[in-house]
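Residues per chain are reported as follows:
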There are 2 protein chains.
Amino acid sequence: MANIREIARLAGVSVSTVSRVLNHHPYVSPDKREAVLKTIRELDYSPNINAVHLSRGKTNMVGIVLPTINHPYFSELLEGIAEEAMKHNIQLVLFQTGYHQEKEFEALEQLRGHLIDGVIFASRAIPFDSLLKYKSAGPMVLCEDSDQDDFPSISIKHVAAFNLGLEYLISKGHKRIAICLGRLEGTNSQKRQKAYEEKMKMIGQKVQEEWILGKCLMIQDGKSVVNRFLQMKEKPTAFLVGNDQVAAGIFTESVKQGLAVPEDVAILSFDNHPISEIMGITTIEIPTKQLGSYAFNSFIKRSSDSTYAEKIALPFTLIQRQSV
Amino acid sequence: MANIREIARLAGVSVSTVSRVLNHHPYVSPDKREAVLKTIRELDYSPNINAVHLSRGKTNMVGIVLPTINHPYFSELLEGIAEEAMKHNIQLVLFQTGYHQEKEFEALEQLRGHLIDGVIFASRAIPFDSLLKYKSAGPMVLCEDSDQDDFPSISIKHVAAFNLGLEYLISKGHKRIAICLGRLEGTNSQKRQKAYEEKMKMIGQKVQEEWILGKCLMIQDGKSVVNRFLQMKEKPTAFLVGNDQVAAGIFTESVKQGLAVPEDVAILSFDNHPISEIMGITTIEIPTKQLGSYAFNSFIKRSSDSTYAEKIALPFTLIQRQSV
DNA sequence: ATAATTTATGGAACGCGTTTCAGGTCAAGA
DNA sequence: TCTTGACCTGAAACGCGTTCCATAAATTAT
C-alpha cells in the first residue's frame, strides 16, 4: 500500500507537507492541500498507525486489567471506563487475567514497551512492590481501597460499607449474621472478614466458622449458600452478601426451598445492580459505573501530572427494600 | 530509554545479533547471547513494541466491535473470544459502539491503518456494502446469521430458534402469544417478527399490535412489559422473550403483581444464562461463550486463508423448566 | 580431500510518519 | 525604507526493531 512518500511524490510536494495536511496543521497553501487530499483520495491512502505511534512515542491506548469481563461488577466498571475513554478518543486494550499474576505483568510489560500509554487496574493480584517497579513506565490507576501515595486510586471504603451493612442488620435485630465473600484470600475479603469478626465480638456474638462463606461470585453460587445454610446446626438469621448476583441467587433458592425472606433469613447485599431492584433486595449501592469513569479521569490527570496520586472514595448508600 | 543499537554497542555485537537474541533465533553463540542478555538486564531494556509492529507489519491485536459490554450476552461472548485470544497470544482492542455506525467505521479504519490485524463484529450496524469495501484490509468475522459468502460468520439460526419457541408454546396450548424483542429495527428482530406473524397466521390467531414489544434488552425492561401487559385489553397467555434477563424481569414483576407463572402468563426466553436456571425459566439455550470462541477461531483461519468464509451455525436447545 | 552445508555475525536497507531546522516570501508595523 | 513576524515549504534526521544479503568459519557429506 501507498505511503506518505509516494503521496508526496505524486502530489508534487514534500513529505512534510503531506504530514501537515494529515495533521491539519495550518501553514499549508490551499492548492497544495487540495493536491495532497486529491492524491490521498485517489490512492485510497491511510496512514500506518504503527508508524504514527512509533514516531509520536504514544499510542492513545490504555490497558485495562481485570479478572473477568463476564461479571456485572466488572462489565459495568468497564463500561464506565469505556464511555469516558471514548470522549477522550482513547482506545482500550483488554487484559483479562483470571486473577493470574503473569497476565498483569504482561500488561505492565506492554506499558514498558510503549504499546499502551498507561494501565488501569480494575483489580490487582500482583504485589504492590512489583507495581512500584513500573512506576516510571507510565501512568497507572488503581481501583482499590488502598493506603498508598504512589498512584491515584478510586474505590469506595469497603470496610466502612461492610460495617454499615452489619450495623443495619444489627439494628433490625439480627445478631446471628453470616457473610458471603468472593475470594477469601483477596485483600478486600480479608479486611471485610476482620471487620465482621470485630463487630460480632462487639455485640457479644460468637462467630461460627461456617458462617463465613467464600467463593461467592455469581448468581449460581447462591444455590450452594442456601444448601449450606440448610445443613448448618447453628443457623444465622441474616446474610450479608458481597454482591447482588449472589444475593439474588440466595433469594431465589431460599424461596424455592420454602424459606421466607426476610422472616426465615434476611438478605443484605452490595452493588444495587438492576437485579436487586427488580427482586426487592435491600442493598448497599456502589456506584460501579462512576468508579469506572472516575478511574479513567484520574488516568487522564495522572498522564499530564506524574505526581498526581489522589485517592478518591466514592460514597455508598443503603437502599432499603424488602429482603431485610 | 535504551534501544537496540545501544544494547548492541555496549554488548559489542551488531543489532542483528541483539535482534536474534530477542527473538530466540538459533545461530547466536552462547557467549554473545549471554553478553547481550547481560546488557539487556543491566539497562533494564525492553523493546519498543510499536517499532516491532511497524517492521513486522502486524500487531497481534484484533478489534472487537460490540454495542455494549455491560450485557450478559455480550460479556459472555466477549469472554469466549478473550479466552481463545489468550491461547493465541493475541490482544483485544475494544470498540464499544453503542450501535453507532461511526464507531464501527473507526474500527475498520484502524484495520486499514494496521493498528489491528483484524476485526470481529459481535454486532453490526453498518451496511454490508461498507464492509465489503474493507474486505482487503484484513480478516473480518461476523457474529450474525447472514447469507453472504464474503466473510466467515458464526451464529445460531435465529429464525429457527424463534420458531422452535413458538411451536413449543403452541404445543403447550398457547395461541395468544406476545413477543419481546430488542431493537425492533435490527435485522434479527425483523426476521423474528416475520417468523412470528407467519406462525400466528398459520394457527389462525389474529396478531394484536400491542403483543409485539420492543426495547426489551435488560432485566429492568421486564417491569414495563408487565405493566403494559396489565393494560392490554386482549391479554396474551404467553410471552416469547428475546433474552433471559428480560424474562427474569417479567417473571419477578409478574409474581410481585400477583400473577402466577405459568398459569396466568407463561414465559419462554433465550440464552440459558445462569439467571434463568436459578429462576426456573424455560429457555432456549444459546451457546454464547462458544459463539465467541468459534468466532475467534474463524478469525484465525481467515487470517491464514483469505478465502475462508465458512458459515457456522451452532445448535440451540430447548431447556424445559417451570415457566411454561 | 573436496564439495556442500550448517552455523555465526555484521552491514545496510526497510517499514513509515513526525518533527526540527533552515531558507524563503510577503505583508504589516516602525 | 527597514524591521519584524507570520506564513509556507522541503531536506534530513529521528523513533526503533526486523530482515535480507554477504561473508566467513566450522561441520558434514561424498
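Preceding block: the structure.
Just so you know, these numbers come straight off a predicted model, no measurement behind them.

What counts, and where the lines are drawn
Residues numbered from 1 in each chain as written. Chains lettered and ligands numbered in written order. Predicted model: local features only at pLDDT ≥ 70, side-chain atom pairs only at ≥ 80, totals over all residues. Heavy atoms only, no water. Least-squares fit on C-alpha atoms with pLDDT ≥ 70 in both. Contact = heavy atoms within 4.5 Å. Disulfide = S-S within 2.5 Å. Buried area = accessible area lost by both parts, 1.4 Å probe. Salt bridge = Lys/Arg side-chain N within 4 Å of Asp/Glu carboxyl O. Polar contact = N/O pair within 3.5 Å; in protein donor to acceptor, adjacent residues only side chain to side chain. Helix = DSSP H or I, 4+ residues; strand = E, 2+ residues; numbered from the N terminus. Nonpolar A, V, L, I, M, F, W, Y, C, P; charged D, E, K, R; others polar. Pairing = 2+ DSSP bridges. Near = heavy atom within 4 Å.

### Examining the relation of the copies chain A and chain B
Each copy of the sequence occupies a distinct position, and chain A is placed on chain B by a rotation of 180 degrees and an axial shift of 0.0 Å, giving an RMSD of 0.1 Å. Viewed as a symmetry operation, the transformation between the two copies matches a two-fold axis. Rotation axis and chain A: the residue whose C-alpha lies nearest the axis is V93 of chain A, separated from it by 2.3 Å. The share of interface residues of chain A whose copies in chain B are also at the interface is 98%, consistent with both copies meeting through the same surface.

### Here's the deal with the state of the cysteines
Two cysteines form a disulfide when their sulfur atoms are joined by a covalent bond. Applying the stated criterion across every chain, the model contains 0 disulfides over all chains. Left without a disulfide partner, C180 of chain B is nearest to the cysteine sulfur of C216 of chain B, which lies 4.3 Å away.

### Details of the interface of chain A and chain B
Facing 50 residues of chain A, the contacting portion of chain B comprises 49 residues. Taking both sides of the interface into account, the surface hidden between chain A and chain B amounts to around 4,400 Å²; carbon and sulfur atoms contribute 57%. Contact with chain B buries surface across chain A, with N50, R112 and I278 of chain A losing the most and accounting together for 16% of the total. Where chain A packs against chain B, one counts 2 salt bridges. Between R112 of chain A and D44 of chain B there is a salt bridge, with its nearest N and O atoms 3.1 Å apart. Linking chain A with chain B are 18 residue pairs in polar contact (both at pLDDT 80 or more). Broken down by secondary-structure element, the contributors of at least two residues to the side of chain A that touches chain B are α4 (49–56), α5 (72–87), β2 (91–96), α6 (101–112), α11 (244–256) and α12 (274–279) of chain A. Tallying contributions element by element places α5 of chain A first for the side of chain A that touches chain B, with 8 residues. Grouping the amino acids of the side of chain A that touches chain B by side-chain chemistry returns 22 nonpolar, 16 polar and 12 charged. Two strands pair when backbone bridges link them, and β2 of chain A and strand β2 (residues 91–96) of chain B are joined in this way by 3 bridges, in the antiparallel orientation. Counted as the bridge partner of V93 of chain A is V93 of chain B from β2 of chain B.

### Remarks on the protein's contact with DNA strand C
Near DNA strand C you find 27 residues, and of these I4 and R5 of chain A together with T17, Y27 and S29 of chain B are the closest. Sugar plus phosphate, as a fraction of atoms of DNA strand C within 4 Å of the protein: 60%. At 3.0 Å from a phosphate oxygen of DNA strand C is found a main-chain nitrogen or oxygen belonging to S14 of chain B. Of all the secondary structure elements, the ones that give two or more residues to the surface near DNA strand C are α1 (4–11), α2 (15–22) and α4 of chain A together with α2 (15–22) and α4 (49–56) of chain B.

### Describing the sheet that holds strand β6 (residues 177–180) of chain B
Residue and element names in this part refer to chain B. Taken in spatial order, the 6 strands line up as β7-β6-β8-β9-β10-β12 in an open sheet, and their pairing is mixed. A strand with exactly one partner marks an edge of an open sheet, and here the two such strands are β7 (212–213) and β12 (317–319). Across 4 bridges, β6 lies against strand β8 (residues 238–241) in parallel orientation. Within β8, the position partnered with C180 by the bridge is V241.

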